[in-house]
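Per-entry structural report
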Amino acid sequence: MSTLLEVKNLKTHFFGKNKVLPVVDGVDFEVKKGETLAIVGESGSGKSITSLSIMGLVPKPGGKIVDGQIIFDGTDLVSLSENEMFKVRGNEIAMIFQEPMSSLNPVLTIGEQITEVLIYHKKLSKKEARLKAVELLKIVGFARAEEILDDYPHRLSGGMRQRVMIAMAMSCDPKLLIADEPTTALDVTVQAQILELMKDLSEKFNSSIILITHDLGVVAELADRVIVMYAGQVVEESGIVEMFDNPLHPYTAGLLNSVPKIDEDQERLSSIGGNVPSPDNFPKGCRFATRCEHVMERCLEEQPMLKEIKPGRKSRCFLHEEGGNQ
């Protein structure tokens with residue numbers, strides 16, 4: 001498979017009064033055409049800011065990409081002007097946000113919001129855009145699509161609003177779809193339906209997906225590969241099956257151990273002690289050292305590099321240099 005997106009040494013910093021916060025600090029990964037890549041990690045690990053950096057939506061003032069490249073289909077997005085990025089965003093790269101109620105405009109009908117995208121990017125007439133909007137709503141599972149077009153967001157359930165967001169995101173047949181916690185606010189049954197829908201649409205439109213989540217169940221259901229982020233850095237990269245079978249980084253192992261297991265009696269769920277360090281107080285050495293049960297003296301002084309341990313598998317940990325394995 002050829003590469004659609006390549007992120008190289010991405011650094012996105014936030015500038016406050018007398019301090020710099022390196023929220024995304026030297027992130028590297030790539031997405032192949034037609035594949036689904038999951039980005040996982042706890043809150044504060046830099047997942048969402050990585051996705052907003054790709055979309056050119058880093059919050060301003062204060063936030064800025066200070067280094068690195070985001071090469072999408074041969075073009076470095078970091079070098080584009082706001083006008084040029086405006087044509088890419090929504091057309092070639094689309095995003096589904098985690099809370100559709102705050103992403104949809106409450107004073108416009110569903111139809112007005114979908115047709116606006118089609119008229120701007122696809123240059124359709126109002127009539128053509130409305131017909132296309134009906135078709136899109138049917139694709140995402142609305143039986144009475146014509147009626148939904150004239151509804152306002154508040155009249156729809158959370159699952160229905162998320163389907164509308166997916167219809168809007170897919171309206172221009174994007175090459176890349178970024179889904180930021182797309183099932184967080186939904187109940188388990190609706191979650192499964194939304195994941196199945198995303199999987200089907202990815203195959204139908206041959207779109208690549210970046211799935212941002214902290215839910216490893218969602219990752220197992222949808223992703224081909226995964227990168228694990230911690231404190232602004234990638235700490236592991238792996239295929240899905242390999243990661244679940246044999247996590248390389250202690251942080252990944254901790255995340256997997258904290259998931260309840262159906263076939264085991266557990267009185268207490270396992271957890272990782274402590275919290276993700278704040279960007280204004282990253283430790284000198286390995287950023288996971290203060291929470292790691294395998295910590296060595298070296299970990300407190302030196303930062304490990306992200307290295308290939310096996311073909312297609314990378315880890316940022318000194319244990320592999322010491323000959324250890326998780």
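From a predicted model like this one, the values you see are computed outputs, not experimental measurements.

Before going further, it helps to examine the domain arrangement of the protein chain. Under the domain assignment, the protein chain is made up of domain 1 (3-92 + 174-266) and domain 2 (102-173). Taking only C-alpha atoms into account, the centre of domain 1 sits 25 Å from that of domain 2. At the interface, 19 residues of domain 1 touch 14 residues of domain 2. A buried area of about 1,500 Å², summed over both sides, lies between domain 1 and domain 2, and 71% of it is on carbon and sulfur atoms. The three residues of domain 1 that bury the most area against domain 2 are Pro-174, Leu-197 and Phe-205, which together make up 32% of that side's buried surface. For the pair domain 1 and domain 2, the interface holds 3 residue pairs in polar contact (both at pLDDT 80 or more). Sorting the residues of the side of domain 1 that touches domain 2 by element identifies α2 (82-88) and α8 (188-205) as the ones contributing at least two each. Per element, the largest residue contribution to the side of domain 1 that touches domain 2 is 8 residues, and it comes from α8. Of the residues belonging to the side of domain 1 that touches domain 2, the class tally is 11 nonpolar, 4 polar and 4 charged.

With 3 bridges joining them, strand β11 (residues 307-310) and strand β12 (residues 313-315) adopt antiparallel strand pairing. Counterpart to Lys-310 in the pairing with β12 is Arg-313. Hairpin connection between β11 and β12: a loop of 2 residues separates the two successive antiparallel strands, and Gly-312 in this loop has a positive phi of roughly 80°.

The subject of this paragraph is the packing of helix α4 (residues 110-122) against helix α5 (residues 126-139). One way to put it is that α4 packs onto α5 with a least axis distance of 9 Å and a crossing angle of 120°. One way to sum up the angle between α4 and α5 is to call them oblique. By crossing handedness, the relation of α4 to α5 is classed as right-handed. Each of Ile-114, Thr-115, Leu-118 and Ile-119 in α4 lies in contact with α5, whose residues at this interface are Lys-126, Ala-129, Arg-130, Lys-132, Ala-133, Leu-136 and Leu-137. In the contact of α4 with α5, the residues fall into 7 nonpolar, 1 polar and 3 charged.

The rules we used
- Residues numbered from 1 in each chain as written.
- Predicted model: local features only at pLDDT ≥ 70, side-chain atom pairs only at ≥ 80, totals over all residues.
- Heavy atoms only, no water.
- Domains from an automatic or database assignment.
- Contact = heavy atoms within 4.5 Å.
- Buried area = accessible area lost by both parts, 1.4 Å probe.
- Polar contact = N/O pair within 3.5 Å; in protein donor to acceptor, adjacent residues only side chain to side chain.
- Helix = DSSP H or I, 4+ residues; strand = E, 2+ residues; numbered from the N terminus.
- Nonpolar A, V, L, I, M, F, W, Y, C, P; charged D, E, K, R; others polar.
- Pairing = 2+ DSSP bridges.
- Axes fitted to C-alpha atoms, helices over the stretch in contact; angles between N-to-C directions.
- Parallel < 35°, antiparallel > 145°, perpendicular 65-115°, else oblique.
- Left-handed = near helix turned anticlockwise from the far one by under 90°.

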